[in-house]
Amino acid sequence: MKVLLIISLLIIAAGNPLDKYKWKNRILLIFGEKVELIDKQLEELRPNEQGLAERHMLIFVMDEKRFSEKELQFIRDKYIPDDSSFSVVLIGKDGGVKHVIKNEIFTSKRLFAIIDGMPMRKNEMK
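Parameters at a glance
- Residues numbered from 1 in each chain as written.
- Predicted model: local features only at pLDDT ≥ 70, side-chain atom pairs only at ≥ 80, totals over all residues.
- Heavy atoms only, no water.
- Helix = DSSP H or I, 4+ residues; strand = E, 2+ residues; numbered from the N terminus.
- Buried < 20%, exposed > 50% of the residue type's maximum accessible area, 1.4 Å probe, protein only.
- Contact = heavy atoms within 4.5 Å.
- Areas by Shrake-Rupley, 256 points an atom, 1.4 Å probe, with all protein chains shown as cover.
- Arc of directions from axis to C-beta.
- Salt bridge = Lys/Arg side-chain N within 4 Å of Asp/Glu carboxyl O.
- pLDDT = per-residue confidence, 0-100.

Draft legend 1. Structural view of the overall build of the chain. A tally of regular secondary structure across the chain gives six helices and four strands. Looking at the 126 residues of the chain, the share that counts as buried comes to 33%. A separation of at least 24 residues holds for 65% of the contacts in the chain among residues at least 6 apart in sequence. Of the roughly 8000 Å² that the chain leaves accessible, carbon and sulfur atoms contribute 55%.

Draft legend 2. Here's a closer look at unusual backbone geometry. Residues other than glycine seldom take positive phi values, yet His 56 does so here, at roughly 55 degrees. Position of His 56 relative to the elements: it lies in the loop between α3 (49-54) and β2 (57-61). Within the chain, Asn 103 stands out as a residue other than glycine whose phi angle is a positive 60 degrees. Residue placement: Asn 103 occurs in the loop between β4 (97-102) and α5 (108-116).

Draft legend 3. Highlighting helix α2 (residues 35-45). Residues of α2 that are buried: Ile 38, Gln 41 and Leu 45. Down the axis of α2, the smallest arc covering the buried residues is 60 degrees, so these residues share one side. Turning to α2, the residues buried within the fold contact β1 (26-32), α3, β2, β3 (86-91) and α5.

Draft legend 4. Here's a closer look at the environment of Glu 33. Topologically, Glu 33 is positioned in the loop between β1 and α2. Note on Glu 33: relative accessible area 66%, which makes it exposed.

Draft legend 5. The arrangement of the pattern of salt bridges in detail. Summed over all chains, the structure comprises seven salt bridges. One salt bridge in this structure joins Glu 124 and Arg 121, with 3.6 Å as the shortest N-O distance. Remark: Arg 121 and Glu 124 occur in helix α6 (residues 119-125); sequence separation between them is three residues, near one turn of the helix. The exposure class of Arg 121 is buried, given its relative accessible area of 7%.

Draft legend 6. Just the confidence of the model for the chain, in detail. In this model, the chain carries a mean pLDDT of 85, and residues with pLDDT of at least 70 account for 87%. Between the elements of the chain, mean pLDDT differs from a low of 41, seen in helix α1 (residues 2-14), to a high of 97, seen in α5. In the model, residues 1-13 has pLDDT below 50 throughout and makes one contact with residues more than four positions away in sequence or in other chains.

Draft legend 7. Fine view of α5. Three or more residues of α5 are buried, namely Ser 108, Leu 111, Phe 112 and Ile 115. Along α5, the residues classed as buried sweep out an arc of 95 degrees about the axis, all on the same side. Within α5, the exposed residues directed more than 90 degrees away from the buried face are Lys 109 and Ala 113. Buried residues along α5 sit in contact with β1, α2, α3, β2, β3 and α6.

The structure is reproduced here in structure tokens:
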């Protein structure tokens, strides 16, 4: 019981590495074991850079280049409900999960429709 409490406290103390973007950016997390799926997802988004910028989007491929192993595990535990081989997670400016796509590419059209339907985005467009 003490060990579980200590581990929980360490996780809480470490905090969410994505919290620094809260209320500033929407985040798209790309988790995947297959490089070709990650590349396809990025290729889908690349032509829509202006739309992504207008929606205050940040895109993170979840790997050790940007995050430590501990941060990656925290993010994976918090945002991915299972061990899918490929997942894309949309996180709103409030830090909440807004949409999860598993084992398929998240199209820009679908992504923008979801975001543009959010109350905060509607206020931004006014």
